[in-house]
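Results of the structural survey
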Amino acid sequence: MKQKLEEIRSQALAALSEVSDVRELEALKVEYLGKKGKLTQILKGMGKLSPEERPVVGQVANEIRLALEEGIQSVRERLNRELINQKLKSEVIDVTMPGTKKDLGRKHPLTNILDEIKDIFLGMGYEIAEGPEVETDYNNFEALNIPKHHPARDTQDTFYITENVLLRTHTSPVQIRHMKSHKPPIRIICPGRVYRSDAVDATHSPIFHQVEGLVVDKGVTMGDLIGTLQVFAKGIFGENTKIRLRPHHFPFTEPSAEVDVSCWGCNGTGCRICKGEGWVEILGAGMVHPNVLRECGIDPEIYSGFAFGLGIERITMGKYGIDDMRLLFENDMRFLKQF
Ligand code: DAH
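The numbering scheme is per chain: residues are counted from 1 as the chain's sequence reads. Since the coordinates come from a predicted model, pLDDT governs what is reported: local features require at least 70, and pairs of side-chain atoms require 80 or more to be given and counted, while whole-chain, interface and lining totals use all residues. Excluding hydrogens and water, the side-chain figures rest on all heavy atoms present in the structure.

1. Considering the overall build of the protein
Put simply, DSSP H or I for four residues or longer makes a helix, DSSP E for two residues or longer makes a strand, and each gets a number counted from the N terminus. Helix and strand counts for the protein come out as 12 helices and 9 strands. Our radius of gyration looks at C-alpha atoms and nothing else; its globule reference is 2.2 Å times the residue count to the power 0.38. Rg of the C-alpha trace for the protein: 42 Å, well past the compact-globule value of 20 Å for 339 residues, more than 25% over. Expressed along its principal axes, the backbone C-alpha trace of the protein runs to roughly 125 × 45 × 40 Å. Residue contacts are counted whenever heavy atoms from the two residues lie within 4.5 Å of one another. In the protein, the proportion of contacts linking residues at least 24 apart, taken out of those at least 6 apart, comes to 65%. For the protein, the accessible surface area stands at approximately 19,500 Å², while carbon and sulfur atoms represent 53% of it. Under the counting rule used here, the positive set is Lys and Arg, the negative set is Asp and Glu, and His together with the chain ends is not counted. Charge positions come from single atoms, namely NZ of Lys, CZ of Arg, CG of Asp or CD of Glu. Taking the average location of the 44 positive side-chain charges in the protein and that of its 48 negative ones, the two points are 7 Å from each other. All accessible-area figures derive from a Shrake-Rupley calculation using a 1.4 Å probe, and residue coverage is judged against the displayed protein chains alone.

2. Here's the deal with the packing of aromatic side chains
Each Phe, Tyr or Trp ring, with Trp reduced to its six-membered ring, pairs with another whose centre is within 6.5 Å; inter-plane angles below 30 degrees give stacked pairs, above 60 give edge-to-face pairs, and intermediate values give tilted ones. Applying the stated criterion across every chain yields a total of 7 aromatic pairs. Relative to Phe 308, the ring of Phe 121 lies with its centre 5.3 Å away and its plane at 25°, an arrangement referred to as stacked. Of this pair, Phe 121 sits in helix α5 (residues 109–123) while Phe 308 sits in strand β9 (residues 304–311); the two residues are 187 residues apart in sequence, bridging distant segments of the chain. Both residues of the pair, Phe 121 and Phe 308, belong to the buried class. Where Phe 237 meets Trp 264, the ring centres are 4.3 Å apart and the plane angle is 15°; that geometry is what we call stacked. With Phe 237 in helix α8 (residues 222–237) and Trp 264 in the loop between β7 (253–262) and β8 (279–288), the pair connects residues that are 27 residues apart, well separated along the chain. Feature note: the residues Phe 121, Tyr 126, Phe 232 and Phe 308 constitute an aromatic cluster, connected by ring pairs. Only protein chains enter the accessibility calculation, which uses a 1.4 Å probe; a residue whose area is less than 20% of its type maximum is buried, one above 50% is exposed, and one in between is partly exposed.

3. Side note on the packing of helix α1 (residues 2–18) against helix α2 (residues 22–33)
Helix axes use the C-alpha atoms of the stretch in contact, all axes being lines fitted to C-alpha atoms, and the angles between their N-to-C directions lie in the range 0 to 180 degrees. Viewed as axis vectors pointing N to C, α1 and α2 meet at an angle of 170°, and their least axial separation amounts to 10 Å. Judged by the angle between their axes, α1 and α2 are roughly antiparallel. Between α1 and α2, the contacting residues are Ile 8, Gln 11, Ala 12, Ala 15, Leu 16 and Glu 18 on the first element and Glu 24, Leu 25, Leu 28 and Tyr 32 on the second. Its residues placed into classes, the contact of α1 with α2 shows 7 nonpolar, 1 polar and 2 charged. In these notes the angle categories are as follows: under 35 degrees is roughly parallel, over 145 is roughly antiparallel, 65 to 115 is roughly perpendicular, and the rest is oblique. Lys, Arg, Asp and Glu make up the charged group, whereas Ala, Val, Leu, Ile, Met, Phe, Trp, Tyr, Cys and Pro make up the nonpolar group; the residues left over, Gly among them, are polar.

4. Observations concerning the pairing of strand β6 (residues 243–250)
Judged from the 7 bridges that link them, β6 and β7 form a sheet pairing that is antiparallel. Bridging from a neighbouring strand, Phe 250 pairs with Thr 253 of β7. Once β6 ends, the chain turns through 2 residues before running back antiparallel as β7. The pairing criterion is simple: DSSP has to find at least two bridges between the two strands.

5. A closer look at the environment of Glu 281
Topologically, Glu 281 is positioned in strand β8. Look at Glu 281 and you get partly exposed, because its relative accessible area is 28%. Separated by 163 residues in sequence, Glu 281 and Lys 118 have C-alpha atoms that sit 20 Å apart. Ignoring any residue separated from it by four or fewer positions in sequence, one finds Glu 281 in contact with Arg 246, Glu 258, Val 259, Asp 260 and Arg 314.

6. Section: the site of the ligand
In the vicinity of the ligand lie 15 residues, with His 170, Ser 172, Arg 196, Gln 210 and Glu 212 positioned nearest. What qualifies as a polar contact is a pair of N or O atoms within 3.5 Å, subject to a donor-acceptor requirement within protein and to the restriction that residues adjacent in sequence count only when both atoms come from side chains. Between the ligand and the protein, one listed contact pairs an oxygen atom with a backbone N or O atom of Phe 308 at 3.4 Å. Out of a free accessible area of 360 Å², the ligand has 89% covered by protein chains. Only β5 (207–217), β8 and β9 provide two or more residues apiece to the shell around the ligand. Here the residues of the shell around the ligand sort into 5 nonpolar, 8 polar and 2 charged. One heavy atom suffices: a residue is near a molecule or strand as soon as one of its heavy atoms comes within 4 Å of it.

7. Section: the sheet that holds β7
One open sheet accounts for 7 strands, arranged β1-β4-β5-β9-β8-β7-β6; its pairing is mixed. Each edge of the sheet is formed by a strand with only one pairing partner; in this case those strands are β1 (127–128) and β6. Pairing analysis gives 10 bridges linking strand β4 (residues 186–195) to β5, with the strands arranged antiparallel. Its bridge partner lying in β5, Arg 193 is registered against His 209. Here helix α7 (residues 173–181) sits on the sheet and contacts β4, β5 and β9; the angle it forms with β5, its principal contact strand, is near 35°. Contacts from α8 reach β6, β7, β8 and β9, with the element oriented near 150° to β8.

8. What to know about the nonpolar core
Counting 35 residues, the largest nonpolar core has Phe 232, Leu 283, Phe 308 and Leu 310 as its most contacted members. For this core, the secondary structure elements donating two or more residues are α5, β5, α8, β7, β8, β9, α10 (312–320) and α12 (333–336). Not counting the four nearest positions on each side in its chain, Leu 283 is found in contact with Leu 229, Phe 232, Ala 257, Glu 258, Val 259, Phe 308, Gly 309 and Leu 310. Throughout this description, the term nonpolar core refers to a set of buried Ala, Val, Leu, Ile, Met, Phe, Trp, Tyr and Cys residues connected via side-chain atoms within 4.5 Å. Counting 21 residues, the second-largest nonpolar core is a separate cluster that includes Ile 146, Ile 176, Ile 188 and Val 288.

Structure (structure tokens):
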């Protein structure tokens, strides 16, 4: 038995010296020290030995078990060290390699211009008001003094959801909502998305953005409107910018005007941007119609107001020299990166 033990010892130690990975090591451990392992079997058979032999053989068997356990442990440590060294070698980071460039996010040009517009009006004490994009026919048309037969109500221009519910065609209904829920003095701008049933081309999109402005107080005049728009135009297009008003018609203002700014491309002498005119139209405006004030519960004998509405796309395209509106909606990074 003693001899058998010595055989096992030399076999096991020889096998241990040839182990090259953790899997083999575990297998070897099972082979000798496992429940059915070679050494375990022998220890189990010790009952058959005589009382004199038992302690002698037991001692040797224990020695072998200890030696094997120690051997396995030290090989395991060596293998682990090798594994770590290998990993360190293969995962070396070369800090002198060029990095991968991560693009920074940036504001969309429409957001840029809207932020500039907001800054200008917030600086003059305006508040920002918002309304829903799904509106009633009443807020979008009726209360704005747009009569039933008005061409703007044509389904050609308006996305109707039901007979009385639609996608707002302008931000003017926010005026109505605000006047009905607030008492003068009122000083708001209302930025937002609007919808018209237009085919897409270089200057049209079924979805675009407007900013509405509304001031209502005692003694508000056309002079206040002109002064305000002058500040706005200079803020957006530069200190030398002039404005001019051309008579126009909007159902919700009286009198109404279309407002031009002197061309930022040529300072008024005529160029490609203004098509030789020297002026570029940027918004519609006027004095709030007494019918509109009355409809909102504001007495036109006591209060007056002005309003204006501008298209953010048009101003953005003008200011940045973008000649196709589709570029603003396609989100092509090569385009957006330029701003
Ligand atoms: N709502 C008009 C449009 O969409 C723009 C407009 C013109 C708004 C004159 C106004 C205004 O408040 O006074 O074309």
